[in-house]
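Working through the structure, step by step
Now for the letters of each chain:
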Amino acid sequence: MGEKGKYAELLGKETDTNAGVRSAAFHEVIDQYDTFEMVAVQTANWEQTQGYEKTETILQSNPDITGIICGNDTMAVGAAEACAAAGRSDIKIIGVDGSDEAAALIKEGKMTGTALQQCALIAEMAVEQADKYLKEGSTGLPEKQLVDCLAITADNVDNLKAFVYKE
Amino acid sequence: MKRRMYLSVAVALVLMATTLTGCVKVVKIGEEGKLTGKVKFDAGESVTELWESAQANIEEKAVDLNSFLKEANGDLKSLADKYGKYSMGTSGSISYAVKGTGIVEEVNQEKKAGYMVVKLVGYEGKEVIKLQIGSIYKGSSTRDVLDIINFGDYTNQEEWAAISKELHTMIHTNVITANKPENLIGKTIDFIGSFTESGNDELLITPIKLTVK
């Protein structure tokens, strides 16, 4: 899209805090550009089928969009399929999670990118820290820890498998 | 006996009516903070407060970029333990605080994520040195390189993200716009700033101090 164009957003289940948090994070960056215009926003409840259907509808009413942001990869996969079915290979689709399905579509060029939540790493850290706590009485680490999301694109998607990123 | 019971019930009721309702405190909307001590988070205010110490923090730890690049010898990750700060304690992305003197070769403001290309004085390596000039700033190296704040000081990742964004607002006004980047081509500048390692070919530095010579 470069730095301009019309786009749509697929939101997660709106009763889920994460839907709002992820949307806010997208907009925190995108809204700095007055050259981007969001022409449609719909909830697809984190689901692939709904992602597909909502995207179909959005494409009919807003054929001039060139981007779709999605609150998770499952909806993004649905959106990518809808765009492929409509012959719209020009639309940039971004998801969140870093699933293998999204990774496959990024490799095929049907999705632009995703943000990997390093859940495998988080699980590892949790077990290691729990073990340390039980054995030594303290993890020695702050209670709140930040685990980076990683931007996955065609450039580095080969390093991603089963939510594990290895260079 | 019965009368006594009535009396004690009556006393209890009176007590309830006076003492218990006395406990009910009416808190007006927006004034919850006075009671809970939790004040509404204002990233702009927080950053205004920490701005000078943030500048001082980065200035103090900044490594001379010439010697840094020579020491790294094409592998910017190699100096992580010596000069860098990891995003996740001992892993994750690496941010460095650096300083240097360079000649502005190019000023690109066509993109909103604008930058200037700088030729470091006294350095002949192949790395491209870019200084961000906004109005949109990429990454969060300014926040991530700081030792004076931690993620744990904030309620959640949204507040943490807001701190980075407000730092950029502050930088844009006080460091970039104040020095009129559009006029800097060909000029020699001293800069202090930070960058997050992202490959070895290009350094995208977010300045926190600029001096035009």
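Everything below is about the structure shown above.
These remarks concern the structure in this document. As the structure is a prediction and not an experimental result, all values here were calculated from the model.

1. Some thoughts on helix α2 (residues 48-61) of chain A
One turn of an α-helix holds 3.6 residues; hence residues three or four places apart share an orientation. Residue and element names in this part refer to chain A. Taking 1.5 Å per residue as the helical rise, α2 with its 14 residues ought to reach 20 Å, and the 20 Å between its terminal C-alpha atoms agrees with that figure. Along α2, the positions that sit buried rather than exposed are Gln50, Gly51, Thr55, Ile58 and Leu59. Along the axis of α2, the buried positions cluster into a sector of 160 degrees, meaning they face one direction only. Exposed residues lying more than 90 degrees from the buried face of α2 are Thr49, Gln60 and Ser61.

2. Some points on the pattern of salt bridges
Side chains carrying opposite charge are able to pair once their charged atoms draw close together. Per the stated rule, a full pass over the model turns up 14 salt bridges over all chains. Residues lysine 77 of chain B and glutamate 167 of chain A are paired through a salt bridge, measuring 3.4 Å at the closest nitrogen-oxygen approach. Pair noted here: lysine 77 of chain B is in the loop between α4 (65-72) and α5 (80-83) and glutamate 167 of chain A is in the segment after β8 (164-165), and the two residues belong to different chains. Aspartate 190 of chain B serves as the salt-bridge partner of lysine 213 of chain B, at 3.5 Å between the closest nitrogen and oxygen. Of this pair, lysine 213 of chain B sits in the segment after β7 (202-212) while aspartate 190 of chain B sits in strand β6 (residues 188-196); the two residues are 23 residues apart in sequence, bridging distant segments of the chain. Overall, lysine 213 of chain B belongs to the exposed group, its relative accessible area being 61%. On the accessibility criterion, aspartate 190 of chain B (24% relative accessible area) is partly exposed.

3. Considerations on the side chain of arginine 88 of chain A
All names here are of chain A. When you line up the elements, arginine 88 lands in the loop between α3 (73-85) and β4 (92-97). Judged by its relative accessible area of 18%, arginine 88 falls in the buried class. Those residues in contact with arginine 88 that lie beyond four places of it in its chain are Leu59, Pro63, Ile65 and Cys83.

4. Observations regarding the pairing of strand β2 (residues 36-43) of chain A
Residues and elements named next belong to chain A. Two strands pair when backbone bridges link them, and strand β1 (residues 5-11) and β2 are joined in this way by 7 bridges, in the parallel orientation. For lysine 6, the partnering residue across the bridge sits in β2 and is glutamate 37. Between the parallel elements β1 and β2, the chain passes through helix α1 (residues 17-30) in a crossover that is right-handed.

5. Overview of the interface of chain A and chain B
By a widely used convention, the size of an interface equals the accessible area lost when the partners come together. Counting residues at the interface gives 15 residues for chain A, matched by 21 residues for chain B. Of the roughly 1,500 Å² buried where chain A meets chain B, counting both sides, 56% is carbon and sulfur surface. Interface area lost by chain A to chain B is led by Glu28, Lys144 and Leu146 of chain A, which between them contribute 40%. Inspection of the region where chain A meets chain B yields 2 salt bridges. Between aspartate 34 of chain A and lysine 112 of chain B there is a salt bridge whose closest N-O contact spans 3.0 Å. Connecting chain A to chain B are 7 residue pairs in polar contact (both at pLDDT 80 or more).

6. Let's talk about the side chain of asparagine 108 of chain B
Checked against the element boundaries, asparagine 108 of chain B lands in strand β3 (residues 94-108). Once residues lying within four places of it in the same chain are set aside, the contact partners of asparagine 108 of chain B are Gly114, Tyr115 and Ile133 of chain B.

7. Overview of the environment of lysine 130 of chain B
All names here are of chain B. Relative to the helices and strands, lysine 130 resides in strand β5 (residues 128-135). Residue classification places lysine 130 among the buried residues on the basis of a relative accessible area of 14%. Lysine 130 sits 26 residues away from valine 104 along the chain, and the two C-alpha atoms are 9.4 Å apart. Once residues lying within four places of it in the same chain are set aside, the contact partners of lysine 130 are Tyr115, Met116, Val117, Glu202, Leu203, Leu204 and Ile205. Polar side-chain contacts of lysine 130 include one of 3.3 Å to the side chain of glutamate 202.

8. Some details on the nonpolar core
If you look at the biggest cluster of nonpolar residues, it comprises 48 residues, and the most contacted ones within it are Leu65, Phe68, Leu69, Phe191 and Ile205 of chain B. Breaking this core down by element, the ones donating at least two residues are α3 (43-61), α4, β3, β4 (113-120), β5, α7 (157-176), β6 and β7 of chain B. Sorting elements by how many residues they give to this core places α7 of chain B first, with 7 residues. With 29 residues, the next largest nonpolar core counts Leu10, Trp46, Cys83 and Leu160 of chain A among its residues.

About the criteria used
Residues numbered from 1 in each chain as written. Chains lettered and ligands numbered in written order. Predicted model: local features only at pLDDT ≥ 70, side-chain atom pairs only at ≥ 80, totals over all residues. Heavy atoms only, no water. Helix = DSSP H or I, 4+ residues; strand = E, 2+ residues; numbered from the N terminus. Expected span 1.5 Å × (residues − 1). Buried < 20%, exposed > 50% of the residue type's maximum accessible area, 1.4 Å probe, protein only. Arc of directions from axis to C-beta. Salt bridge = Lys/Arg side-chain N within 4 Å of Asp/Glu carboxyl O. Contact = heavy atoms within 4.5 Å. Pairing = 2+ DSSP bridges. Right-handed = clockwise from strand over helix to strand, strands pointing away. Buried area = accessible area lost by both parts, 1.4 Å probe. Polar contact = N/O pair within 3.5 Å; in protein donor to acceptor, adjacent residues only side chain to side chain. Core = buried A, V, L, I, M, F, W, Y, C linked by side-chain atoms within 4.5 Å.

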